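If you want the building blocks of each chain, they are given just below.
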Amino acid sequence: MAPCTCTFLLLLLDTLIFPEHGHSLRRQKRDWVIPPIICPENDRGPFPKKLVQIKSNKDKETKVFYSITGQGVDIPPVGVFIIERETGWLEVTEPLDREEKDKYVLYSHAVSANGQPVEDPMEIIITVTDQNDNRPVFTQAVFHGSVLEGAEPGTSVLRVLATDADDAVNSNNGVVSYSILSQVPEKPQPGMFTIDSSSGLVSVAMLGLVAQEVPEYTLEIQAADLGGYGLRATATVRIAVQADDMSEVGNGTLTTHVLNTATGLPAAGLVVRLAQLQEPGPQWMELAQRHTNADGRCQPLLAPGQAKSGTYKLHFETAEYWQGLGLTSFYPFVEVVFIISDPAQKLHVPLLISPYSYTTYRGS
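Residues numbered from 1 in each chain as written. Predicted model: local features only at pLDDT ≥ 70, side-chain atom pairs only at ≥ 80, totals over all residues. Heavy atoms only, no water.

### Re the overall build of the chain
Working step 1: Scanning the chain from terminus to terminus reveals 1 helix and 28 strands.
Working step 2: Across the 364 residues that make up the chain, the buried fraction comes to 41%.
Working step 3: Put simply, of all contacts in the chain between residues at least 6 apart along the chain, 65% involve residues at least 24 apart.
Working step 4: For the chain, the exposed surface amounts to about 18,700 Å²; the carbon and sulfur share of it is 52%. (Helix = DSSP H or I, 4+ residues; strand = E, 2+ residues; numbered from the N terminus. Buried < 20%, exposed > 50% of the residue type's maximum accessible area, 1.4 Å probe, protein only. Contact = heavy atoms within 4.5 Å. Areas by Shrake-Rupley, 256 points an atom, 1.4 Å probe, with all protein chains shown as cover.)

Quick look at the structure:
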């Protein structure tokens with residue numbers, strides 16, 4: 001890492017004019033010419049390191065002493081910047097971290113030997129430039145999705161998300177690009193799925209998805225910063241292929257769908273579990289686990305003839321879903337407990353979610 005080399009001289013253009021003998025002291029308007037003070041993060045020193053010299057041309061008339069206040073001086077983090085009292089050299093005392101703080105606002109002061117100000121305080125902004133020192137981090141280690149067998153190319157399955165703490169505005173250090181590294185199994189051929197390099201949206205790439213032959217695919221997904229050429233991270237995507245005869249809501253006794261009310265779109269890739277209350281106990285016995293598809297739906301949780309009278313619970317893993325979108329949820333999960341009194345009757349239990357609320361009702 002190159003050291004900070006911004007050693008500019010700050011010059012006071014308009015001066016404090018001393019009047020002729022017998023006239024009172026008057027001050028003229030003055031403007032500071034302030035060059036940009038830019039320092040890269042993670043500088044190796046040695047410290048303290050000179051950044052810039054502050055000068056008042058009043059030092060031609062009187063001894064001037066300099067001081068600074070503000071962020072990184074007397075406001076936390078304290079002691080990051082110091083100034084040589086007599087020379088006006090502004091110095092940094094330690095390596096800076098842009099991810100912790102990307103800008104410091106300081107004020108320089110100039111006084112005479114008797115402590116009287118000879119200049120108004122001057123604002124100094126120190127900008128910390130980014131180094132690519134953070135790799136992407138996936139919001140989940142494993143992403144889940146589902147898709148109907150026979151789905152057409154272009155069908156959306158799920159979206160993955162990785163974040164990067166580095167700068168993605170002024171540099172490519174934090175710009176993440178996605179790719180698929182592997183597909184298991186490679187049946188009926190490799191490349192059954194594709195991913196949008198910018199958005200992380202995984203979609204069907206080829207025809208040939210058959211649940212009976214391949215009920216689940218495992219993809220290894222890579223996220224790389226610097227637009228795909230920098231630091232890297234990987235995550236796993238598991239895609240369940242739903243059989244066509246179980247795909248319609250009407251084919252099951254118990255079905256659900258999940259809607260993201262914050263976006264108005266279906267909630268894809270959300271884990272749903274069904275359990276039944278067992279007596280005596282009481283104890284819950286898990287009966288099924290599903291993952292919502294791109295339409296926010298999943299295979300029926302109870303097939304025709306499987307339902308029995310009793311108390312059931314739908315458990316929705318909402319926290320993991322919101323984390324996958326880079327958001328936090330007030331609810332770590334949502335559970336809906338309900339009673340089936342007529343096993344022959346079809347039951348649909350939708351869920352509408354946002355990061356801070358949810359709604360459910362009995363549908364048909």
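Next comes the rest of the description.
### Quick word on the pattern of salt bridges
Working step 1: One pass over the full model with this rule turns up 11 salt bridges.
Working step 2: The salt bridge involving Asp130 is made with Arg98; its shortest N-O contact spans 3.0 Å. Highlighted residues: Asp130 in the loop between strand E9 (122–129) and strand E10 (137–138) and Arg98 in the loop between strand E7 (89–92) and strand E8 (103–111), separated in sequence by 32 residues.
Working step 3: You can call Asp130 buried: its relative accessible area is 18%.
Working step 4: The residue Arg273 makes a salt bridge to Glu286 at a minimum N-O spacing of 3.8 Å. Remark: Glu286 occurs in strand E23 (residues 283–291) and Arg273 occurs in strand E22 (residues 271–278); sequence separation between them is 13 residues. (Salt bridge = Lys/Arg side-chain N within 4 Å of Asp/Glu carboxyl O.)

### Focus on the sheet that holds E23
Working step 1: Strand order across the open sheet formed by 4 strands is E23-E22-E24-E25, with antiparallel pairing between neighbours. Whereas interior strands pair on both sides, the edge strands pair on one side only; in this sheet they are E23 and strand E25 (334–340). Going from strand to strand, the sheet's axes swing by 25° on average, the running direction of each strand aside.
Working step 2: Sheet topology note: the E22/E23 ladder contains 8 bridges and is antiparallel. (Pairing = 2+ DSSP bridges. Axes fitted to C-alpha atoms, helices over the stretch in contact; angles between N-to-C directions.)

### Things to note about the packing of aromatic side chains
Each aromatic ring pair is described using two quantities: the centre-to-centre distance and the angle formed by the ring planes.
Working step 1: According to the stated counting rule, one finds 8 aromatic pairs in the structure shown.
Working step 2: Ring geometry for Phe81 and Tyr104: centres 5.0 Å apart, planes at 75°, overall edge-to-face. You can see Phe81 sitting in strand E6 (residues 81–83) and its partner Tyr104 sitting in strand E8, a full 23 residues away along the chain.
Working step 3: Take Tyr104: its relative accessible area is 4%, and that puts it in the buried class. (Phe/Tyr/Trp six-rings, centres within 6.5 Å; stacked < 30°, edge-to-face > 60°.)

### Let's talk about the sheet that holds strand E18 (residues 232–242)
Strand-to-strand pairing in sheets goes through backbone hydrogen bonds, with the strands running parallel or antiparallel.
Working step 1: Spatially, the 4 strands line up as an open sheet ordered E11-E18-E17-E14, and their pairing is mixed. Pairing within the sheet leaves two strands with one partner each, and these edge strands are strand E11 (142–148) and strand E14 (177–184). Looking at each pair of strands side by side, their axes are set apart by 30° on average, direction ignored.

### Here's the deal with the side chain of Ser177
Working step 1: Position of Ser177 relative to the elements: it lies in strand E14.
Working step 2: Not counting residues within four places of it along the chain, the set of residues in contact with Ser177 comprises Ser197, Gln222, Ala223, Ala224, Gly227 and Gly228.

### A look at the environment of Gln71
Working step 1: Within the secondary structure, Gln71 sits in the loop between strand E5 (65–70) and E6.
Working step 2: Sequence separation between Gln71 and Tyr107 is 36 residues; the distance between their C-alpha atoms is 8.9 Å.
Working step 3: In terms of polar contacts, Gln71 uses its side chain to reach the backbone amide nitrogen of Val105, at 3.0 Å. (Polar contact = N/O pair within 3.5 Å; in protein donor to acceptor, adjacent residues only side chain to side chain.)

### Here we look at the environment of Ile82
Working step 1: Summarising the element assignment, Ile82 is placed in strand E6.
Working step 2: Ile82 sits 32 residues away from Lys50 along the chain, and the two C-alpha atoms are 9.5 Å apart.
Working step 3: If we skip the residues at most four places from it in the chain, Ile82 touches Pro48, Ile68, Trp89, Leu90, Glu91 and Thr93.

### Let's talk about the confidence of the model for the chain
Working step 1: Residues at a pLDDT of 70 or more form 87% of the chain, whose mean pLDDT is 85.
Working step 2: Note on residues 1–33: pLDDT under 50 across the span, and 81 contacts to partners over four residues away in sequence or across chains.
Working step 3: Considering only residues more than four positions removed or in separate chains, one finds that residues 246–250, a stretch of pLDDT under 50, has 9 contacts. (pLDDT = per-residue confidence, 0-100.)

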